[in-house]
Amino acid sequence: MDIIQINTEEISLLKDEEILFFMLAEAGAMGEPGAVNIISKGTDGAKIRYANYCFGGFYMHQLMERDTANP
């Protein structure tokens, strides 16, 4: 299974009904600070999506404010 790196532009592709697990590591966490891992299901099996809001082009506020009513 591949890990897919995502950025802010791909946030709109995420569908709530497909998300199985969401992990967030705040700054100061042991491990990688700012890591976001999203495990989701799709027609071709599970997908692992990865981003980092501290050291990458991924903005948490856009994830939380996205329009889930009109995917």
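The structure under discussion appears in the preceding block.
Reading guide: rules and limits
- Residues numbered from 1 in each chain as written.
- Predicted model: local features only at pLDDT ≥ 70, side-chain atom pairs only at ≥ 80, totals over all residues.
- Heavy atoms only, no water.
- Helix = DSSP H or I, 4+ residues; strand = E, 2+ residues; numbered from the N terminus.
- Rg over C-alpha atoms; globule rule 2.2 N^0.38 Å.
- Areas by Shrake-Rupley, 256 points an atom, 1.4 Å probe, with all protein chains shown as cover.
- Lys, Arg positive; Asp, Glu negative; His and termini not counted.
- Charge placed at Lys NZ, Arg CZ, Asp CG, Glu CD.
- Pairing = 2+ DSSP bridges.
- Axes fitted to C-alpha atoms, helices over the stretch in contact; angles between N-to-C directions.
- Core = buried A, V, L, I, M, F, W, Y, C linked by side-chain atoms within 4.5 Å.
- Buried < 20%, exposed > 50% of the residue type's maximum accessible area, 1.4 Å probe, protein only.
- Contact = heavy atoms within 4.5 Å.
- Polar contact = N/O pair within 3.5 Å; in protein donor to acceptor, adjacent residues only side chain to side chain.

(A) Examining the overall build of the protein chain more closely. Counting its regular elements, the protein chain contains 1 helix and 4 strands. The globule rule puts the C-alpha radius of gyration for 71 residues at 11 Å, and the 12 Å found for the protein chain is close to it. With the C-alpha coordinates of the protein chain rotated into their principal frame, the extents come out at 35 × 30 × 15 Å. Counting every atom, the protein chain has about 5000 Å² of accessible surface; 54% of that belongs to carbon and sulfur. The distance from the centre of the 5 positive side-chain charges to the centre of the 11 negative ones in the protein chain is 7 Å.

(B) Broad picture of the sheet that holds strand β1 (residues 3–5). Taken together, the 4 strands give an open sheet; going across it, the order is β1-β4-β3-β2, and neighbouring strands pair in mixed fashion. Looking at which strands have only one partner, the edges of the open sheet turn out to be β1 and β2 (19–24). Looking at each pair of strands side by side, their axes are set apart by 20° on average, direction ignored.

(C) How the structure looks around the nonpolar core. Residues Ile 6, Ile 11, Leu 14, Val 36, Ile 38, Ala 51, Phe 58, Met 60 and Leu 63 constitute the largest nonpolar core, which totals 9 residues. With sequence-adjacent residues up to four places away left out, Leu 14 is seen in contact with Ile 38, Arg 49, Leu 63 and Arg 66.

(D) Representation of the side chain of Ser 40. Looking at where Ser 40 falls in the secondary structure, it is placed in strand β3 (residues 35–42). A distance of 2.5 Å separates a polar atom in the side chain of Ser 40 from a polar atom in the side chain of Arg 49. Beyond its immediate sequence surroundings of up to four residues, Ser 40 is in contact with Glu 18, Ile 19, Leu 20, Gly 45, Ala 46, Lys 47 and Arg 49.

(E) Structural context of the environment of Asp 2. For Asp 2, the location among the structural elements is in the segment before β1. Spatially, the C-alpha atom of Asp 2 lies 8.8 Å from that of Arg 49, the residues being 47 residues apart in sequence.

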